[in-house]
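Summary of the model geometry
What follows is the residue order along each chain.
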Amino acid sequence: MSFIETMETRYTTKQYDGSKKIDAATIDTLKEILHLSPSSINSQPWNFTFVENDELKDQLAEASYFNADRIRNASHLVVFNVINDLPYFEEVINANLPEGAVGYYNTFLKPKPEAEVKNWMTHQVYLALGVFLSACANMGIDSTPMEGIVPEAYTEILGLDKHETVFAVAIGYRDPADDNQVNKTPKQRRNTQEVITTL
């Protein structure tokens, strides 16, 4: 299957088959794919938590509104977190990035208000999300990106210190009865000409 065909058939999974689990080797591959995700100046202001423990998944499901059943039945829940402590973030980039990248941060980002810098950091996490969803589709793994959670509750449940939760992604294998599959609910997108311009 070509990548375009993969993207044509990929959809946001609404119902998972709770009896099917993703094997450990595939999870390790997904972890490495996230590790390789791009970010501005290679800043990597993130942490990714893979949750497979059923009791912990259940706690997080309780803080996930209408996404609760998806989380409980999915094989894994992947939680995307961003660094929330600017001095700590600066320690990280000073220790890991080349002088040019640190110089860019110090010149163009650090002078901005803290909220704006943190917003920039959060944008980087969304870059990793795009990579992750595409990788899952390419590997035949179903996924559900979710902002419909209580991030503060996730942060507390996971015991995060220097990070806070932004969103989560349920992954696993679809229930054949899932009505959101593209063969049951066709994919809808605006016309290409409305969203893509060539100059």
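Here is what the cut-offs are and how they apply
- Residues numbered from 1 in each chain as written.
- Predicted model: local features only at pLDDT ≥ 70, side-chain atom pairs only at ≥ 80, totals over all residues.
- Heavy atoms only, no water.
- Salt bridge = Lys/Arg side-chain N within 4 Å of Asp/Glu carboxyl O.
- Helix = DSSP H or I, 4+ residues; strand = E, 2+ residues; numbered from the N terminus.
- Buried < 20%, exposed > 50% of the residue type's maximum accessible area, 1.4 Å probe, protein only.
- Pairing = 2+ DSSP bridges.
- Axes fitted to C-alpha atoms, helices over the stretch in contact; angles between N-to-C directions.
- Contact = heavy atoms within 4.5 Å.
- Arc of directions from axis to C-beta.
- Polar contact = N/O pair within 3.5 Å; in protein donor to acceptor, adjacent residues only side chain to side chain.
- UniProt positions renumbered as here; feature names shortened; annotations may be inferred.

**Topic: the pattern of salt bridges**
Scanning the entire structure with this criterion turns up 10 salt bridges. In this structure, the salt-bridge partner of Asp 54 is Lys 57, at a minimum N-O distance of 3.8 Å. On the criterion of helical spacing, the pair formed by Asp 54 and Lys 57 is a turn pair, its members being 3 residues apart in helix 3 (residues 54-61). Given the relative accessible area of 1%, Lys 57 is considered buried. The closest approach of N and O atoms between Lys 112 and Glu 116, which form a salt bridge, is 3.6 Å. Overall, Lys 112 belongs to the partly exposed group, its relative accessible area being 35%. Linked through salt bridges whose partners overlap, the residues forming this network are Asp 58, Glu 62, Asp 69 and Arg 72.

**Points about the sheet that holds strand 1 (residues 46-51)**
What the 4 strands build is an open sheet, ordered 1-2-4-3; its pairing is antiparallel. Single-partner strands in this sheet number two, and they are strand 1 and strand 3 (142-146). Put simply, the sheet's adjacent strands are angled 25° from each other on average, direction ignored. Where strand 3 lies against strand 4 (residues 163-172), 5 bridges are found, and the strand directions are antiparallel. Each residue of the ladder has a partner; that of Asp 142, found in strand 4, is Gly 172.

**Quick look at the environment of Leu 127**
Relative to the helices and strands, Leu 127 resides in helix 7 (residues 114-138). Residue class for Leu 127 comes out partly exposed when judged on its relative accessible area of 41%. On a C-alpha basis, the gap between Leu 127 and Ser 37 in space is 7.3 Å, while along the polypeptide they are 90 residues apart. What Leu 127 contacts, discounting residues up to four positions off in sequence, is Pro 38, Ser 39 and Ser 40.

**Quick notes on helix 3**
Residues of helix 3 that are buried include every one of Lys 57, Leu 60 and Ala 61, and no others. The arc that holds every buried residue of helix 3, seen down its axis, measures 105°, which confines them to one face. Lining the buried residues of helix 3 we find strand 1, helix 4 (68-73), strand 2 (76-83) and helix 8 (151-157). For helix 3, the capping residue at the N-terminal end is Asn 53, with a side-chain oxygen 3.0 Å from the backbone nitrogen of Glu 55.

**Points about the pairing of strand 4**
It is a general feature of regular strands that their side chains alternate between the two faces of the sheet. Within strand 4, 9 of the 10 residues are buried, which leaves it mostly tucked inside the rest of the structure. In the sheet, strand 2 pairs with strand 4 via 8 bridges, with the strands oriented antiparallel. Residue pairing across strands places Val 79 opposite Ala 168, the latter belonging to strand 4.

**What to know about unusual backbone geometry**
Look at Ile 41: it is not a glycine, yet its phi comes out positive at around 50°. With respect to the helices and strands, Ile 41 occurs in the loop between helix 2 (24-35) and strand 1. Phi angles above zero are rare outside glycine, and Asn 42 is one such case at about 60°. Here Asn 42 lies in the loop between helix 2 and strand 1. Using a relative accessible area of 41% as the deciding quantity, one classes Asn 42 as partly exposed.

**Digging into the UniProt feature "domain: Nitroreductase" (unreviewed entry) in the protein**
Per the UniProt record, the feature "domain: Nitroreductase" (unreviewed entry) sits at residues 8-173. Between the C-alpha atoms that bound residues 8-173 the distance is 17 Å, and the span itself is 49% helix and 17% strand.

**Quick word on the side chain of His 163**
Relative to the assigned elements, His 163 resides in strand 4. Assessed through its relative accessible area of 13%, His 163 is described here as buried.

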